[in-house]
Amino acid sequence: MVDYTNYAQSNVQRPGYNEGLRVYMLSVFQNMGIALVITALVAMFTASSPGLMNAIFSTPLQWVVMLAPLGMVFFMSAKIMSMSVSGARTSLWVFSGLMGLSLSSIFYVYTSESIAKTFFITASLFGAMALYGHTTKKDLTGMGSFLMMGVIGIFIASFANMFFQSSALSNVLSYVGVIVFTLLTAYDVQMLKSVYYQMGNASNEVAQKTSIYGALNLYMDFINLFIFLLRIFGVRRD
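Residues numbered from 1 in each chain as written. Predicted model: local features only at pLDDT ≥ 70, side-chain atom pairs only at ≥ 80, totals over all residues. Heavy atoms only, no water.

1. A word on the overall build of the chain
The number of helices and strands found in the chain is nine helices and zero strands. Against the compact-globule benchmark of 18 Å for 238 residues, the chain has a radius of gyration of 18 Å, which places it among compact chains. Considered along the principal axes of its C-alpha atoms, the chain spans approximately 55 × 35 × 30 Å. Out of the 238 residues in the chain, the part that is buried amounts to 43%. Counted over contacts in the chain with a minimum sequence separation of 6, partners at least 24 positions apart contribute 88%. (Helix = DSSP H or I, 4+ residues; strand = E, 2+ residues; numbered from the N terminus. Rg over C-alpha atoms; globule rule 2.2 N^0.38 Å. Buried < 20%, exposed > 50% of the residue type's maximum accessible area, 1.4 Å probe, protein only. Contact = heavy atoms within 4.5 Å.)

2. Digging into the nonpolar core
The nonpolar side chains of soluble globular proteins are, as a tendency, buried together. Core analysis: the largest hydrophobic core is formed by 51 residues, its most contacted members being Y24, M32, L92, F95 and Y219. Within the residue set of this core, elements represented by two or more residues are helix 1 (19–47), helix 3 (61–79), helix 4 (85–103), helix 6 (112–135), helix 7 (143–164), helix 8 (167–199) and helix 9 (204–233). Counting residues in each nonpolar core, the second largest holds eight residues, with A47, Y110, F226 and L230 among its members. (Core = buried A, V, L, I, M, F, W, Y, C linked by side-chain atoms within 4.5 Å.)

3. Re the packing of helix 3 against helix 4
Two elements in contact, helix 3 and helix 4, have axes separated by 8 Å at closest approach and are oriented at 155°. Between helix 3 and helix 4, the interaxial angle falls into the category roughly antiparallel. Pair helix 3 / helix 4 crosses with left-handed handedness. On helix 4, the residues that touch V65, M66, A68, P69, M72, V73, F75 and M76 of helix 3 are A88, S91, L92, V94, F95, L98, M99, L101 and S102. Residue classes in the contact of helix 3 with helix 4 are distributed as 15 nonpolar, two polar and no charged. (Axes fitted to C-alpha atoms, helices over the stretch in contact; angles between N-to-C directions. Parallel < 35°, antiparallel > 145°, perpendicular 65-115°, else oblique. Left-handed = near helix turned anticlockwise from the far one by under 90°. Nonpolar A, V, L, I, M, F, W, Y, C, P; charged D, E, K, R; others polar.)

4. Notes on the UniProt feature "transmembrane region" (unreviewed entry) in the chain
The UniProt feature table records "transmembrane region" (unreviewed entry) at residues 23–48, 60–78, 90–109, 146–166, 172–189 and 210–233. Between the first and last C-alpha atoms of residues 23–48 the distance is 37 Å; the span itself is 96% helix and 0% strand. Regarding residues 90–109, the helix share stands at 90% and the strand share at 0%, and the terminal C-alpha atoms are separated by 30 Å. (UniProt positions renumbered as here; feature names shortened; annotations may be inferred.)

What follows is the structure in structure tokens.
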């Protein structure tokens, strides 16, 4: 999760229609949507090739594929505002492609029908929370620290469970993950509005890079929400 609290204070109750905000938010969701499409296409293409799957997941290359997206997140979080707009957007596309490679294994674990069903559940839940975050007059800023602690806790517990292999802990983490990333969606959308108002008369280049920054954040919310929901609703192959 990209932390916006250094860039904005809550400014969510500004009244009236704002065409600039509409264009800005549309840019965020367009960038996010393209990233999701790239991820889906790369994942499906990779899963459709047994040779490619074996080359990735039956060799040490699997660790590169699994860890590369994490490295890209840290890189983009640190450098995206100093990149050019095209460089920032290209980095987002590369990251989404790496995520597609990493997620291709789900097609070998879960049925295609349950993956599709979970995707639509995720899209519906994400859309509802994004709309809430965009329209609510309630200040969600106070949730930021709590949600960040939740993300860190999930990461640590998930890493530990790689060794313990506890199905009970895995189930608990799945439900906690759904709650945390559902709330994060609303929080991050509201923070994006705050960032827009705080930018004021910032240049178009800064606005574009900020929208890509926001798209990365919301993309991660969606992907994590999808993964945790898949663990709950996904039907495993026999």
